[in-house]
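So the chains spell out like this:
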Amino acid sequence: MSALPDPSRHEEVLVSPINLAGSNGTGDAGFAPVAHWPHHYLDDGPCHLLVTSPDQRIRIGWFGDDFELWRITAAEEAVAVPRWTATFNHVTPAEIVAGLTTALAHDYVESDPYVNNGRFLAKPSVYWADAVQPLLDADWRREPAKYGTVEITAPDGLAGVEIDTLRGGRDAEAVMLWAGPRGWGTRAEAVFTARTPSHLIAATAAVMTSSAPVVRERHMVHREMEPLVTLTPVGPVADPRGSRSPTPLDVRRTAVTEAVRRAAHAPQTAADLSVMAAQSRTTSSAPKRSSNLAPTGAARPPAASAAPRHSR
């Protein structure tokens, strides 16, 4: 006789640090900063959802069944070859992707498509440190020097960045942010090609240092990661007036309403983004496909016929 399912596996918990929280199976938080941009739902091909800037120079693709769950590019024109590419694997929290999409949304507002002056197309700094300054400011340490490579790790050794200072070509993978032990379900990876603007990498790296917790259902946290993170149940709050205690849903709705009021239409912090992601899950128990920011199917390994990309 099989064991009964454990209902506690579906309880909501706050997970910290954010870089080890893993994916919640949706891209809501990552798409929140660009929720007003055109959405293209694709029935054929590996890309499930494509969100583009109004002029289509910036493209954010969601590949719900792939190892590389996110693919983000920017080009001088809608039909031009991308100047740079950023990819995020299926373990990367969408809240970290939101660091990049928030910066892109800000850059786009300040750009003029007729003169190609978008900061999201800027040349990267010649100084590698500019791309990872938030990590250095958070006391991440530089490892012993290796020719052509710079490695920096978090104080706990569970996250880091690898930088190729030689940058073999315009499309070469130049910077990789990672978090978690090596393994298919445990290691988050974000990879940026050589011509990615430094400030966009820095905006993504800044979220990696955040200690703010994010909401997950307990089963979404890989069992090997449980000893490495802090899990705090989202429980009821006592009512001092003696009426019924608010449910976890009541607590989250109140927090979401207040946070969204502060964040208005342009969230600037990872905390705001995670709260807006929570809002999308609590406002409707069964949202229609057209109202979702991204498909909710959890990422799964590719079919056996395809050679999986191994974690670095």
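See above for the structure.
Enquirer: Tell me about the sheet that holds strand β9 (residues 159–164), residues and numbers included.
Expert: Here we have 10 strands laid out as an open sheet, ordered β2-β3-β4-β5-β6-β11-β10-β9-β8-β7, and antiparallel in their pairing. Edge strands, defined here as strands with exactly one partner in the open sheet, are β2 (39–41) and β7 (141–142). Against the sheet, helix α2 (residues 94–109) touches β4 (58–62), β5 (68–74), β6 (84–89) and β11 (188–193), its axis set at about 15 degrees to β5. Sitting on the sheet, helix α4 (residues 198–208) touches β6, β9, β10 (173–179) and β11, and the angle it makes with β10 is about 10 degrees.

Enquirer: An account of the side chain of H90 is needed here, citing residue identities and associated values.
Expert: Structurally, H90 can be placed in the loop between β6 and α2. Within polar-contact distance, the side chain of H90 engages the backbone oxygen of W184 at 2.8 Å.

Enquirer: Please give an account of the nonpolar core that cites residues and values.
Expert: If you look at the biggest cluster of nonpolar residues, it comprises 57 residues, and the most contacted ones within it are I60, W70, I72, F88 and F192. With eight residues, α2 is the single largest residue contributor to this core. I72 has contacts with R59, I60, W84, T85, A86, F88, V97, L100, T101 and L104, leaving out every residue within four places of it along the chain.

Enquirer: Explain the sheet that holds strand β12 (residues 214–217) to me, and be specific about the residues and the numbers.
Expert: Pairing is antiparallel in the open sheet, where three strands are placed in the order β12-β1-β13. Edge positions in the open sheet fall to β12 and β13 (230–233), since each of these has one partner strand only. Direction aside, the axes of adjacent strands within the sheet are offset by 40 degrees on average. Note: strand β1 (residues 12–16) against β12, four bridges, orientation antiparallel. Its bridge partner lying in β12, L14 is registered against V215.

Enquirer: Report on the side chain of T87, specifying residues and quantitative values.
Expert: Its place among the elements puts T87 in strand β6. With near-sequence residues (within four places) excluded, T87 lies in contact with E68, W70, R71, E189, A190 and V191.

What counts, and where the lines are drawn
Residues numbered from 1 in each chain as written. Predicted model: local features only at pLDDT ≥ 70, side-chain atom pairs only at ≥ 80, totals over all residues. Heavy atoms only, no water. Pairing = 2+ DSSP bridges. Helix = DSSP H or I, 4+ residues; strand = E, 2+ residues; numbered from the N terminus. Contact = heavy atoms within 4.5 Å. Axes fitted to C-alpha atoms, helices over the stretch in contact; angles between N-to-C directions. Polar contact = N/O pair within 3.5 Å; in protein donor to acceptor, adjacent residues only side chain to side chain. Core = buried A, V, L, I, M, F, W, Y, C linked by side-chain atoms within 4.5 Å. Buried < 20%, exposed > 50% of the residue type's maximum accessible area, 1.4 Å probe, protein only.

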